[in-house]
Amino acid sequence: MTTPLNDAAPADVTDSAEATPTRGGRPAVRLDSDIDAIAMPLSTKRTAGKRVRSSQKRGDDVRERVLQAALECFGAFGFEGTSTRAVAERAGITHTLVLYHFGSKEDLWIATMDNALKAYQASVSENLEDQTGRSAAEVLKRFIEQFVRLSARYPQIHRIMTMEGNQDTPRLQWVIDNYLRGHFSLVRDLIKRAQAEGSVRECDAARLYYYIIGGGGTLFTLSTEYRELTGRNVFSEAEIFRNIAFLYETVFI
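Notes on the structure in this doc start here.

1. Examining the environment of A119
Now for step 1: With respect to the helices and strands, A119 occurs in helix α5 (residues 105–129).
Now for step 2: With 31 residues separating them in the primary sequence, A119 and L150 have C-alpha atoms 9.4 Å apart.

Encoded structure:
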């Protein structure tokens, strides 16, 4: 899937030679691109370069606004309940621009999840992939803390995956193939190592993985219900800390 990065269409570049007669009747080879580059004043070149950079920045800004708006819409209403027009309205741009950058709602969903999951993966990958010199319990504790804090920051991801997780769709398969399968294997094997060390209670490692994911993300997914029933703001630092501590108490021996 490819999408343009800015609103400006690429300029045509001519590199073919054109024979131009001279006063003496001898043809001279003219390279339009070279002549234009040489003839263009330095100030004009700088202005043109600034225009290109400015256009690229505007395109990047629009793209980020659309991705954020799409994350909020897909998180609140799911794939079926979201339209590209609703995303455009939330982003404060035209519907045409959304289609220009992303093509279709399906492609927009993929781009939205790719953007969000890349940020998540970048945050946890160093801890999970470089375990040298640390016990499995240390690595797992760090993962739990990172996951809870990222769930608080991006509750939409957990909401979207909860909605998609019980449907057999190409979207879910894309997430599994590109992100979840490898992530699940890393954390499940980490849990098994911690169990072998004697620091984590004995149980099915795959089941414990989902216990951690559910315990770490569900409260933020149901934040309004949680606030109404408990009077607590799950996004407060105190509640985030308590959620991490509760998982530590129930996972580790």
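2. Concerning the nonpolar core
Now for step 1: Counting 32 residues, the largest nonpolar core has L140, F143, I144, I191, V200 and I212 as its most contacted members.
Now for step 2: Looking at this core, the elements with two or more residues in it are α5, α6 (136–153), α8 (170–197), α9 (205–221) and α11 (237–251).
Now for step 3: Looking at which element gives the most residues to this core, the answer is α6, with ten residues.
Now for step 4: Excluding its chain neighbours within four sequence positions, the residues that come into contact with I191 are L140, V200, A205, L208, Y209 and I212.
Now for step 5: Of all hydrophobic cores here, the second largest spans 28 residues; its members include V66, L108, L117 and L172.

3. Here we look at the environment of L117
Now for step 1: For L117, the location among the structural elements is in helix α5.
Now for step 2: A sequence separation of 62 residues divides L117 from Y179, and the C-alpha atoms of the two residues are 7.5 Å apart.
Now for step 3: In contact with L117, other than residues within four places in its own chain, are I157, V175 and Y179.

4. Focus: the environment of Q121
Now for step 1: Position of Q121 among the secondary structure elements: in helix α5.
Now for step 2: The exposure class assigned to Q121 is partly exposed, which follows from its relative accessible area of 37%.

5. Here we look at the pattern of salt bridges
Now for step 1: Evaluated as defined, the whole model comprises eleven salt bridges.
Now for step 2: Here K118 makes a salt bridge to D114, at a shortest N to O gap of 3.4 Å. Of the two residues, K118 and D114 both sit in helix α5, four residues apart, roughly one turn of that helix.
Now for step 3: For K118, a relative accessible area of 47% translates into the label partly exposed.
Now for step 4: When salt bridges that share partners are traced, they join R142, E145, R149 and E237 into one network.

Each value, and the rule that gives it
By convention here, each chain's residues receive numbers from 1 onward along its written sequence. Restriction of local features to residues with pLDDT of at least 70 applies here, the model being predicted, together with a cutoff of 80 or more for giving and counting side-chain atom pairs; totals for whole chains, interfaces and linings are based on all residues. Hydrogens and water are ignored here; the side-chain numbers use all heavy atoms of the structure. Numbering of helices and strands runs from the N terminus; a helix is a DSSP stretch of H or I covering at least four residues, while a strand is a stretch of E covering at least two. The definition of a nonpolar core used throughout is a set of buried Ala, Val, Leu, Ile, Met, Phe, Trp, Tyr and Cys residues joined through side-chain atoms within 4.5 Å. Note on classification: 1.4 Å probe, protein chains only; a residue is buried when its accessible area is under 20% of the maximum for its type, exposed when over 50%, partly exposed between these limits. Residue contacts are counted whenever heavy atoms from the two residues lie within 4.5 Å of one another. Whenever a carboxyl oxygen of Asp or Glu lies within 4 Å of a side-chain nitrogen of Lys or Arg, that contact is scored as a salt bridge.

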